[in-house]
Amino acid sequence: AEALGAERIIQRYSRLVIDCNRPPSEPTAFPERVDGTDVPGNRDLTAREAARRVAEIFHPYHAAVAAAVDERLCAGISPILVAMHSYTPSHSDFPGERPWPVCVLFNRDPSLSLALSAVLKEEGVNVGENVPYQVGAVSDYTIPVHGEARGIPHTLIEVRQDLIGTAEGQAHWAGRLAAALPRAMQKLDL
């Protein structure tokens, strides 16, 4: 965000408390088990506690995202939404280690995601497209609500966690993505 002069809105809670990229009505918003590990704080979660998390964490986060988009639109600036996530190097959904250092995810409008993928592939990066996950209108929130529904260019980027576990890895991928995003936007004339 700093390298691009972009606003950064960070979700400060673990997705195990509430996954702010899921509609609160989805069972995966409050997972009881993740990657084979129990999440005791979500077992037997009461409706009252779930509602408290939604009110204190989910709504303020998405209000901040909506306000940032609104501010740019009101100023005559065309916003671009980039959602950043990370994913585990291995999971039962793929035999062995997941081979993609970075993935781009999309649903109805793949244009920015595929342009970013093309730029990174030109640099020799093995980019996953809609793997290990996909964006869905029911299972996801940020891209469908703040990107697709508002008709603004968007992408969801996933970086493999083992590559960003150190300050050096974080700096490397931040720099690489900060350089690639403007090139992807140029491909789309944004």
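Notes on the structure in this doc start here.

The rules we used
Residues numbered from 1 in each chain as written. Predicted model: local features only at pLDDT ≥ 70, side-chain atom pairs only at ≥ 80, totals over all residues. Heavy atoms only, no water. Helix = DSSP H or I, 4+ residues; strand = E, 2+ residues; numbered from the N terminus. Rg over C-alpha atoms; globule rule 2.2 N^0.38 Å. Buried < 20%, exposed > 50% of the residue type's maximum accessible area, 1.4 Å probe, protein only. Phe/Tyr/Trp six-rings, centres within 6.5 Å; stacked < 30°, edge-to-face > 60°. Lys NZ or Arg CZ within 6 Å of the ring centre and 35° of its normal. Pairing = 2+ DSSP bridges. Axes fitted to C-alpha atoms, helices over the stretch in contact; angles between N-to-C directions. Contact = heavy atoms within 4.5 Å. Salt bridge = Lys/Arg side-chain N within 4 Å of Asp/Glu carboxyl O. Core = buried A, V, L, I, M, F, W, Y, C linked by side-chain atoms within 4.5 Å. Polar contact = N/O pair within 3.5 Å; in protein donor to acceptor, adjacent residues only side chain to side chain.

### Focus on the overall build of the protein chain
A tally of helices and strands in the protein chain yields 4 helices and 8 strands. Of the regular secondary structure in the protein chain, the N- to C-terminal order runs β-β-α-β-β-β-β-α-β-α-β-α. In terms of overall dimensions, the protein chain is globule-like: its C-alpha atoms have a radius of gyration of 17 Å, near the 16 Å expected for 190 residues. Counting only C-alpha atoms and orienting by the principal axes, one finds that the protein chain spans roughly 50 × 45 × 30 Å. A burial count over the protein chain gives 37% of its 190 residues as buried.

### Quick notes on the packing of aromatic side chains
Taken as a whole, this structure holds 1 aromatic pair when the rule is applied. With 4.8 Å between their ring centres and 70° between their planes, Phe-58 and Tyr-141 make a pair best called edge-to-face. In this pair, Phe-58 sits in helix α1 (residues 47–74) while Tyr-141 sits in the loop between β7 (127–129) and α3 (142–148), placing the two residues 83 residues apart along the sequence. Its guanidinium or amino end placed over the ring of Trp-173, Arg-176 lies 5.4 Å from that ring's centre, counting from NZ or CZ.

### Considering the sheet that holds strand β8 (residues 154–160)
Strand order in the open sheet formed by 4 strands is β3-β8-β6-β7, and the pairing between neighbours is mixed. What marks the edges here is a single partner per strand, and that holds for β3 (81–87) and β7. Going across the sheet, the axis of each strand differs from the next one's by a mean of 25°, ignoring polarity. Running at roughly 155° to β8, helix α4 (residues 167–187) makes contact with β3, β6 (102–105) and β8 of the sheet.

### Remarks on the pattern of salt bridges
Tallied over the full model, the rule gives 18 salt bridges. Between Arg-160 and Glu-97 there is a salt bridge whose closest N-O contact spans 3.7 Å. Of this pair, Arg-160 sits in strand β8 while Glu-97 sits in strand β5 (residues 94–97); the two residues are 63 residues apart in sequence, bridging distant segments of the chain. For Arg-160, a relative accessible area of 8% corresponds to the buried category. The shortest N-O distance in the salt bridge between Lys-121 and Glu-129 comes to 3.0 Å.

### Considering the nonpolar core
Grouped together as the largest cluster of nonpolar side chains are 21 residues, with contacts concentrated most on Ile-18, Cys-20, Phe-30, Ile-143 and Leu-156. When contributions to this core are tallied by element, the ones reaching two or more residues are α1, β3 and β6. Looking at this core element by element, the count peaks at 7 residues for α1. Not counting the four nearest positions on each side in its chain, Phe-30 is found in contact with Val-17, Ile-18, Pro-24, Asn-42, Leu-45, Ala-50, Arg-53 and Val-54.

### Here's the deal with the side chain of Arg-160
At 2.9 Å, the side chain of Arg-160 and the backbone oxygen of Arg-98 are in polar contact. Dropping the residues within four chain positions of it, Arg-160 is found in contact with Tyr-87, Thr-88, Pro-89, Glu-97, Arg-98, Pro-99, Trp-100 and Pro-101.

In short, shape yes, function no, at least from these values alone.
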